[in-house]
Amino acid sequence: MDGQEKEDARRRLAGEGVTERDDGTWADATCPGRRLTAAEVAVARAEDVFGEESEPPEALRLAFGLVDLLDAYRVTGEIRFALADPDDGLPAEAVWDGYRGRPEAPTAGETVPCSLRVDGFEDRGPSAAAFEEVLGRDATRLREDAPAPLPRRARRVPEVSGAVPWPVQLPAYRAAAAVSALRPAVFRGLPDGCHAVYGGLDPAAALDLLTALGLPPDTEHPPAPRRALAAGHANHHRAPHAWTDEPAPARTNAGPGPVGAGGTLRRPWRRSR
């Protein structure tokens, strides 16, 4: 993460009449007296970042500078669109460098993790490749004495990667679990895989990993994930009551639903003749 990118983005906006106020709101010379949020500035300005007059590397630096300055998801959307368009010529490795660098910063915004979760990891097509780029391929470098930026990234990425296929996540989780300072992050990341709509852990392997962490059962989260994994559940959306202390609702053969009175199967999707 290059702090210069943020300052360059601030100067670029100032040159266009957009400046930050002391209270954190923004002013635009084209609409005097109006206070804008950072998100509103991003909506108004992000679309112009990858204009025809900008070379792709320069445009990408500006885009990431706006991400750092505004912490607004709208900017990462423009990065994603430009990366998907071969005519834009955006260097993919530079994009991933930007996505790796933000979680390594001592203080990280919410935009890049949100973009990783929504755009990178929940799309089943590129999710495995995205995870490899952001963490997986560097997992073998995790160790007790690793320089601080990589462990910071390894703490932040698992919390948003629950939708990544479990076989892709597992090697990185195992490498992180070997580092004592990263074990709480692994513990927080495992529930994300349980609760993500598209997530699905291998219950036995996840329970083995959870047990090997050696953390107290009540660490940060209730023990429900441990009980659910032990019962063989991979995702709470398929068995929601396995992840809470509430009993499952009683089944009944009466009343509306696919099973009607007398236990006869109803087919509500068929029209009556």
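Worth saying up front: this structure is predicted, and the values here are computed from it rather than measured. (Residues numbered from 1 in each chain as written. Predicted model: local features only at pLDDT ≥ 70, side-chain atom pairs only at ≥ 80, totals over all residues. Heavy atoms only, no water.)

Next up on the list: the overall build of the protein. What the protein contains, in helices and strands, is 12 helices and 2 strands. Listed by position from the N terminus, the elements making up the protein come as α-β-β-α-α-α-α-α-α-α-α-α-α-α. The proportion of buried residues among the 273 residues of the protein is 44%. Contacts spanning at least 24 positions in sequence make up 59% of the contacts within the protein whose residues lie at least 6 apart. In the structure as shown, the protein presents an accessible area of about 14800 Å², 53% of it carried by carbon and sulfur atoms. (Helix = DSSP H or I, 4+ residues; strand = E, 2+ residues; numbered from the N terminus. Buried < 20%, exposed > 50% of the residue type's maximum accessible area, 1.4 Å probe, protein only. Contact = heavy atoms within 4.5 Å. Areas by Shrake-Rupley, 256 points an atom, 1.4 Å probe, with all protein chains shown as cover.)

Next up on the list: the packing of helix H1 (residues 3–15) against helix H3 (residues 56–70). Here H1 crosses H3 at 90°, and the two axes come no closer than 7 Å. Taken together, H1 and H3 sit at an angle that is classed as roughly perpendicular. For the pair H1 and H3, contact is made by Gln 4, Glu 5, Lys 6, Asp 8, Ala 9, Arg 10, Arg 12 and Leu 13 and by Arg 61, Leu 62, Phe 64, Gly 65, Leu 66, Asp 68 and Leu 69, respectively. When grouped by side-chain class, the residues that make up the contact of H1 with H3 number 6 nonpolar, 2 polar and 7 charged. (Axes fitted to C-alpha atoms, helices over the stretch in contact; angles between N-to-C directions. Parallel < 35°, antiparallel > 145°, perpendicular 65-115°, else oblique. Nonpolar A, V, L, I, M, F, W, Y, C, P; charged D, E, K, R; others polar.)

Turning to a negative patch on the surface, a few remarks are in order. There is a patch of like negative charges on the surface, built from Glu 47, Asp 48, Glu 53, Glu 55 and Glu 58. Here Glu 53 lies in the loop between helix H2 (38–45) and H3. Residue Glu 53 is classed as exposed on the basis of its relative accessible area, which comes to 62%. (Patch = residues over 30% accessible without salt bridge, like charges linked within 9 Å, V, L, I, M, F, W, Y side chains within 5 Å. Salt bridge = Lys/Arg side-chain N within 4 Å of Asp/Glu carboxyl O. Lys, Arg positive; Asp, Glu negative; His and termini not counted. Charge placed at Lys NZ, Arg CZ, Asp CG, Glu CD.)

Let us look at the packing of aromatic side chains. Taken as a whole, this structure holds 4 aromatic pairs when the rule is applied. Feature note: the residues Phe 64, Trp 96 and Tyr 99 constitute an aromatic cluster, connected by ring pairs. (Phe/Tyr/Trp six-rings, centres within 6.5 Å; stacked < 30°, edge-to-face > 60°.)

Next up on the list: the packing of helix H6 (residues 111–121) against helix H7 (residues 127–134). Contact pair H6 / H7: the axes reach a minimum separation of 9 Å and the direction vectors enclose 145°. When H6 is examined against H7, the residues Leu 116, Gly 120 and Phe 121 are found in contact with a partner set consisting of Ser 127, Ala 130, Phe 131 and Val 134. Classifying every residue of the contact of H6 with H7 by side-chain character gives 5 nonpolar, 2 polar and no charged.

Trp 26, Phe 50, Leu 70, Ile 79, Tyr 99, Trp 166 and Leu 190 are the most contacted members of the largest nonpolar core, which has 63 residues in total. Among residues more than four places away in sequence, those in contact with Phe 50 are Ala 59, Leu 60, Ala 63, Glu 78, Ile 79, Ala 82 and Leu 90. (Core = buried A, V, L, I, M, F, W, Y, C linked by side-chain atoms within 4.5 Å.)

As a further point, take the confidence of the model for the protein. Chain-level statistics for the protein give a pLDDT mean of 82 and a share of 78% at 70 or above. Within the protein, helix H12 (residues 224–230) has the poorest average pLDDT of any element, 73, and strand S1 (residues 18–20) the best, 97. (pLDDT = per-residue confidence, 0-100.)

We now examine the pattern of salt bridges. The final tally for this structure, using the stated rule, is 24 salt bridges. Put simply, Asp 97 and Arg 100 hold a salt bridge, and the shortest N to O gap is 2.5 Å. Of this pair, Asp 97 and Arg 100 both sit in helix H5 (residues 92–104), 3 residues apart, which is roughly one turn of the helix. What makes Asp 97 partly exposed here is its relative accessible area of 43%. Of the charged contacts in the structure, one is a salt bridge between Glu 133 and Arg 100, with a shortest N-O distance of 3.2 Å. Linking Glu 133 in helix H7 with Arg 100 in helix H5, this pair joins segments that are 33 residues apart in sequence. For the pair shown, Glu 133 and Arg 100 are each scored as buried. Via salt bridges that share partners, Glu 5, Asp 8, Arg 11, Arg 61, Asp 68 and Arg 102 belong to a single interconnected network.

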